[in-house]
Amino acid sequence: MREFLKKIICFSWIGGVFLGVTLVLYICDDPFKVIRPKAQLINSKDRIRISLNREFVSVQTLINNRKRIHYNAFILGNSRSIFYEVDSWKQHLDTTAVGYHLDASDESLWGINHKINFLDRKGYKIDYLLIVLDHDILSKDKPNTGHLFVPYPELSEKPNWFEFHKSFLFAFLNPKFLGSYIDLKLTHRLKPNMLEEHLFENNPITYNSISNEIRLDYFESLIRQQKYYTTQRRKVFYAREASKSIESQKLISAEQKKQLQNIARIVHKHHTHLKIIISPLYDQIKCNQSDLAYLKNVFKKENVFDFSGSNYITNNYMNYYENSHYRPGVSSHLMDVVYQNHP
């Protein structure tokens, strides 16, 4: 029994030391950049990056820049909205517009509503809004979970910073992440398994810390050289019946209506110039006509544009980087249609 107790004490001591060292490593390294958020949270020059909470980056960068940059034009949506480039958007706006990407990964309608609430509550001017929707966003009326998606605490009127930081600490202590993280620190080499579950990233990006905009300039250069759509990359573009669109189920329920009406209230309060674009996704799922009618009723039909379903954009796989994100050229064209009424 005595030897058994000695082993328990020994293992407990070793476990305590390991946990202590791990906590020190987490606090000192701040791998997710949520403990000591810097002025620029994303660096284009980083060849290997730990995946960050995109919403935290968006909101924290907005706060960091507030004293020196007076934003009044905001693009909201999930990662698909990133490719609505601010320079292209500003061509359709007044010269006083200062644009910013206030997006989040796997964005929800809850998140868009609370971000617009946040802007209003914190006294930002909201002269222009471009909201990029799809059926994924409309289906989510509650906050997301997980360290990559947990909401920025101050989007809520009752911030819970403890739960927020707990999500990141638990993500760091996950053996899969911690093992990969220590391996990367020691070898400086990214192994294929490290890219699983979006824990790490190595795709080359161009980042603008003023507009919080991410561009895939390297991929665009490969497309121009006809080197991007390799056999391997084309595998993700599954076959569809080009002439048929499957309509989404009805997604706007009582809670979504409440959130959409609140957005409309703030838009009316600020006399905001609003446009809503429903994305042309590769899946060709058509926006539910009842949902579309509701959006047009709340925000006026001249402000809501539906590009979902089977059409000249979604029928061409070369309009997409993969089967989820369409390219900036498509976004620029959609803005031309929306703001200048091009056919």
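Our structure is the block above this text.
Attention in this report is confined to the structure presented alongside it. (Residues numbered from 1 in each chain as written. Predicted model: local features only at pLDDT ≥ 70, side-chain atom pairs only at ≥ 80, totals over all residues. Heavy atoms only, no water.)

## A word on the pattern of salt bridges
Taken as a whole and assessed by the stated rule, the structure comprises 17 salt bridges. Residue Lys 185 is joined to Asp 29 by a salt bridge in which the shortest nitrogen-to-oxygen separation is 2.9 Å. Residue Lys 185 is found in helix H7 (residues 175-187), and its partner Asp 29 is found in helix H1 (residues 2-29); the two are separated by 156 residues along the sequence. When its relative accessible area of 42% is taken as the criterion, Lys 185 is described as partly exposed. On the accessibility criterion, Asp 29 (30% relative accessible area) is partly exposed. (Salt bridge = Lys/Arg side-chain N within 4 Å of Asp/Glu carboxyl O. Helix = DSSP H or I, 4+ residues; strand = E, 2+ residues; numbered from the N terminus. Buried < 20%, exposed > 50% of the residue type's maximum accessible area, 1.4 Å probe, protein only.)

## Digging into the environment of Pro 204
Within the secondary structure, Pro 204 sits in the loop between strand E5 (200-201) and strand E6 (206-208). Overall, the relative accessible area of 36% leaves Pro 204 in the partly exposed class. A sequence separation of 12 residues divides Pro 204 from Leu 216, and the C-alpha atoms of the two residues are 6.9 Å apart. Not counting residues within four places of it along the chain, the set of residues in contact with Pro 204 comprises Leu 216, Tyr 218 and Phe 219. (Contact = heavy atoms within 4.5 Å.)

## A few points about the sheet that holds strand E11 (residues 304-306)
The parallel open sheet is built from five strands, whose spatial order is E3-E2-E4-E9-E11. Each end of this open sheet is capped by a strand with a single partner; those strands are strand E3 (99-101) and E11. With direction set aside, neighbouring strand axes in the sheet form an average angle of 15°. As paired strands, strand E9 (residues 273-278) and E11 are joined by three bridges and run parallel to one another. Looking across to E11, one finds that Ile 278 is bridged to Asp 306. Contacts between helix H11 (residues 289-299) and the sheet are confined to strand E4 (128-133), E9 and E11, with E11 contributing the most and set at about 160° to the helix. (Pairing = 2+ DSSP bridges. Axes fitted to C-alpha atoms, helices over the stretch in contact; angles between N-to-C directions.)

## Remarks on the environment of Tyr 228
Mapped onto the elements of the fold, Tyr 228 is located in the loop between helix H8 (217-224) and helix H9 (231-234). Sequence separation between Tyr 228 and Tyr 321 is 93 residues; the distance between their C-alpha atoms is 8.7 Å. Contacts of Tyr 228, omitting those with residues within four sequence positions, involve Phe 219, Leu 222, Ile 223, Arg 233 and Tyr 321. Engagement of the side chain of Tyr 228 in a polar contact is seen with the backbone oxygen of Tyr 321, the distance being 2.8 Å. (Polar contact = N/O pair within 3.5 Å; in protein donor to acceptor, adjacent residues only side chain to side chain.)

## Points about the pairing of strand E2 (residues 73-76)
Residue alternation in E2 divides its side chains into two sets, Ala 73 and Ile 75 and Phe 74 and Leu 76, and both sets are buried. One ladder, built from three bridges, connects E2 with E3; its direction is parallel. Bridge pairing in E3 links Ile 75 to His 101. One ladder, built from four bridges, connects E2 with E4; its direction is parallel. Bridge pairing in E4 links Ile 75 to Leu 130.

## Describing the packing of aromatic side chains
Under the defined criterion, the tally for this structure stands at 28 aromatic pairs. Consider the rings of Tyr 238 and Tyr 282, whose centres lie 5.1 Å apart with planes at 80°: the pair is edge-to-face. One end of the pair, Tyr 238, is in the loop between H9 and strand E8 (246-247); the other, Tyr 282, is in the loop between E9 and strand E10 (285-286), and 44 residues separate them in sequence. Given the relative accessible area of 36%, Tyr 238 is considered partly exposed. Here Tyr 282 falls in the buried class, since its relative accessible area comes to 3%. Three or more aromatic residues joined by ring pairs make a cluster, and in this case those are Tyr 26, Phe 32, Phe 56, Tyr 152, Trp 161, Phe 164, Phe 168, Phe 172, Phe 177, Tyr 181 and Phe 200. The lysine or arginine in question, Arg 66, covers the ring of Tyr 124, its NZ or CZ lying 4.0 Å from the ring centre. The ring centre of Phe 219 lies 5.4 Å from the NZ or CZ of Arg 233, which sits over that ring. (Phe/Tyr/Trp six-rings, centres within 6.5 Å; stacked < 30°, edge-to-face > 60°. Lys NZ or Arg CZ within 6 Å of the ring centre and 35° of its normal.)

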